[in-house]
Amino acid sequence: MRGWTDKMTILRDLSIFWAMIHVIFLFLMLFRSRFTGKKTMAAAGIGMGLLMAANGAGLIFFGLEALSKAFLFTCSIPSFIFFYVMSVDKRFRFLLSFCLADTTCLWVMAVTNLLDFYLGGGYYVLMFVSRLIAFPLLEYLAWRYLRKPYLKLQDAVKRGWAVFAGMTMMYYVLLVVVVQFPTNIINRPEDTFLCVLVLILMLFNYGTIFTSLYRQLLLYQKQQRERSLIEQKNMLEAQLENQQRIRKMKHDMKGYTATLSGLLTNGKIEEALTYLKGVEAKMDPMSGQFCANSYINAVFVHYAGKLEEMGAEFRNDIQIGDAEVPYMEVCQILSNGLENACDALKGLEKEKRKVSVQMKYNKNYLLIRIRNRCSDDLFVKRGETVPTSKTEPEHGFGLPTIQEAAKRLGGDMSCYTENGYFLLDVMVMT
């Protein structure tokens, strides 16, 4: 019987490699690489393939017991460093993703190990079959229910990951210690009950983590919807203001025309010219004509009025002519950018309140720059992760919305501080 068990260890070893392959797949679902999908998969295949080969050699020469105790150093830490270099996310967001994938797979391995020992006679058949089914099922559930909201949450939430990352890391260490030290759990039947309690507790722990993360995602989506409604309200108000200005201009023009007609009828040419210049000077600030596109113009009219009420200096250089641009996304970008600028100016003295907008149109792309004064203690480096909530100083929740709008049009967004100014640069394809 002992010889038969030794022969069946091939199933155990194959199930271990099966688990190692699938823990990589699971992590890649939650992982955001700095490289393209093809480069990421190629690098992961080569790097993890070499690591698995090294661990396979260790399994052959030193045995499962020795490898299990050194697994943290032979596999976990090297793979952590490898993927950390490739990752977009750093610090706690990456740590949570890594520990989440590793701990989940260790949990499956521990459960299948116990099931095989107590129900399968310890011949590794039940272990092999259950792992063969469990890992693809785990990946399907992760892909179906976890991946999309989790990736979106990483974009939406920049803070609060440390607690969750710490919890998953401690459970990873706890699970390794309970299952493997001083020997494998199947060699310590007196500790089985403790191990089962830890495995059950881990389910509740992860349930708490996922519930908290899901609530944060719902809060973020609620904030997005509220922001969208505010944008629509601002655009409608701006269009209404624009229409009222036009109606007032039409009404006033009747009186101006009557006066000019009377002057010209009486031959008072000089007086008519002087009066006409006065009308022109009066009509310029009333016209609110920033550009030919009525939707974009309405946004500028609204925020020009808002900035005027704040006593802010507003300069604009709009060079888009009558070109057809994707006005819905452009209005969204301008509204969020100017709203953030207004928020930033509220905390400054009136003489420091300055905003400028530049728009330049090319046949293939549209460039937008919004530049406003900000407090001296605000510092955002070019290319750095930007604030994404109003808990951050001055510029916040509208920036992800701007970036999403730009990416929908095949463009991108960049923002940074320079010489006491906050600069927002957006490029979109037209």
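Only a predicted model underlies this, so the values are computations on that prediction, with no experimental measurement involved.

S.K.: I'm lost on the overall build of the protein chain in this one. Help?
M.R.: Secondary structure assignment for the protein chain yields 12 helices and 5 strands. Split into buried and exposed, the 430 residues of the protein chain put 46% on the buried side. Counted over contacts in the protein chain with a minimum sequence separation of 6, partners at least 24 positions apart contribute 73%. Of the roughly 23,300 Å² of accessible surface on the protein chain, a fraction of 63% belongs to carbon and sulfur atoms.

S.K.: What am I meant to see in the layout of surface pockets here?
M.R.: The volume enclosed by the second largest pocket comes to roughly 780 Å³. For the second largest pocket, the lining is made up of 42 residues, of which Ile 16, Phe 71, Leu 106, Met 109 and Gln 180 are closest to its centre. Of the residues forming the lining of the second largest pocket, the biggest block, 10 residues, is contributed by helix H4 (residues 64-86).

S.K.: What am I meant to see in the sheet that holds strand E4 (residues 412-418) here?
M.R.: Strand pairing in a sheet relies on backbone hydrogen bonds. The paired strands run either parallel or antiparallel. Overall, mixed pairing links the 5 strands, which are arranged E1-E2-E3-E5-E4 in an open sheet. With one partner strand each, in any of the chains shown, strand E1 (313-319) and E4 form the two edges of the open sheet. Across the sheet, the mean angle separating the axes of adjacent strands is 10 degrees when strand polarity is ignored. Packed onto the sheet, helix H10 (residues 294-310) meets E1 and strand E2 (354-361) and runs at close to 160 degrees relative to E1.

S.K.: I would appreciate a short explanation of the confidence of the model for the protein chain in the present structure.
M.R.: Reading fine detail from the predicted coordinates is not recommended where pLDDT is low. When pLDDT is averaged across the protein chain, the result is 82; 88% of the residues are at 70 or more. Mean pLDDT values over the elements of the protein chain span from 48, in helix H1 (residues 2-7), up to 93, in strand E3 (residues 365-373). When the criterion is pLDDT under 50, residues 388-395 qualifies, and its contacts beyond four places in sequence or with other chains add up to 29 contacts.

S.K.: Got a minute to help me understand the pattern of salt bridges in this structure?
M.R.: Between side chains of opposite charge, pairing is possible as soon as their charged atoms come close. For the structure on display, the rule yields 9 salt bridges. The shortest N-O distance in the salt bridge between Arg 12 and Asp 13 comes to 3.0 Å. By the burial criterion, Arg 12 is buried, and Asp 13 matches it. Residue Glu 349 pairs with Lys 352 through a salt bridge whose shortest N-O separation is 4.0 Å.

S.K.: Quick question: what am I supposed to make of the pairing of strand E5 (residues 421-429) here?
M.R.: The side chains of a regular strand alternate between the sheet's two faces. In terms of burial, E5 is a largely internal element, 7 of the 9 residues being buried. Here 9 bridges tie E3 to E5, and the two strands are oriented antiparallel to one another. Bridge pairing in E5 links Asn 372 to Phe 422. With 7 bridges connecting them, E4 and E5 associate as antiparallel partners. What sits directly across from Met 413, in E5, is Val 426.

S.K.: Any chance you could explain the pairing of E3 here in plain terms?
M.R.: In the sheet, E2 pairs with E3 via 7 bridges, with the strands oriented antiparallel. Along E3, the bridge assignment pairs Val 355 with Asn 372. Hairpin remark: E2 followed by E3, antiparallel, with 3 residues in the connecting loop.

S.K.: For this particular structure, what's the right way to read helix H3 (residues 37-62)?
M.R.: Each α-helix winds once per 3.6 residues, and so residues spaced three or four apart point in a common direction. Spanning 26 residues, H3 covers 36 Å between terminal C-alpha atoms, matching the ideal 38 Å at 1.5 Å per step. All buried positions along H3 are accounted for by Thr 40, Ala 44, Gly 47, Met 48, Leu 51, Met 52, Asn 55, Gly 56, Gly 58 and Leu 59. Phi turns positive, to about 90 degrees, at Gly 63, one or two residues after H3.

S.K.: Would you mind going over a nonpolar patch on the surface with me for this structure?
M.R.: On the surface, Leu 72, Phe 73, Ile 77, Ile 81 and Val 85 cluster together into a nonpolar patch covering about 460 Å² of accessible area. Note on Leu 72: relative accessible area 32%, which makes it partly exposed.

S.K.: How do you make sense of the packing of aromatic side chains when you look at a structure like this?
M.R.: Aromatic ring pairs: the centre-centre distance and the angle between the two ring planes describe each pair. Within this structure, the stated rule accounts for 14 aromatic pairs. Relative to Phe 83, the ring of Phe 31 lies with its centre 5.6 Å away and its plane at 70 degrees, an arrangement referred to as edge-to-face. With a gap of 52 residues between them, Phe 31 in the loop between helix H2 (9-30) and H3 and Phe 83 in helix H4 connect regions that are remote in the sequence. Put simply, the rings of Phe 27, Phe 31, Phe 80, Phe 82, Phe 83, Tyr 84, Phe 94 and Phe 98 touch in pairs and so form one group of aromatic residues. Directly above the ring of Tyr 124 sits Arg 12, whose terminal nitrogen or CZ lies 5.5 Å from the centroid. Stacked on the ring of Tyr 421, the Lys or Arg Arg 371 has its end atom at 3.7 Å from the ring centre.

Criteria and thresholds
Residues numbered from 1 in each chain as written. Predicted model: local features only at pLDDT ≥ 70, side-chain atom pairs only at ≥ 80, totals over all residues. Heavy atoms only, no water. Helix = DSSP H or I, 4+ residues; strand = E, 2+ residues; numbered from the N terminus. Buried < 20%, exposed > 50% of the residue type's maximum accessible area, 1.4 Å probe, protein only. Contact = heavy atoms within 4.5 Å. Areas by Shrake-Rupley, 256 points an atom, 1.4 Å probe, with all protein chains shown as cover. 1 Å grid on protein atoms, 1.4 Å probe; cavity = no way out; pocket = protein on both sides within 12 Å on 5 of 7 lines; lining within 4 Å. Points joined across faces, edges and corners; volume = space filled by probe spheres on them. Pairing = 2+ DSSP bridges. Axes fitted to C-alpha atoms, helices over the stretch in contact; angles between N-to-C directions. pLDDT = per-residue confidence, 0-100. Salt bridge = Lys/Arg side-chain N within 4 Å of Asp/Glu carboxyl O. Expected span 1.5 Å × (residues − 1). Patch = residues over 30% accessible without salt bridge, like charges linked within 9 Å, V, L, I, M, F, W, Y side chains within 5 Å. Phe/Tyr/Trp six-rings, centres within 6.5 Å; stacked < 30°, edge-to-face > 60°. Lys NZ or Arg CZ within 6 Å of the ring centre and 35° of its normal.

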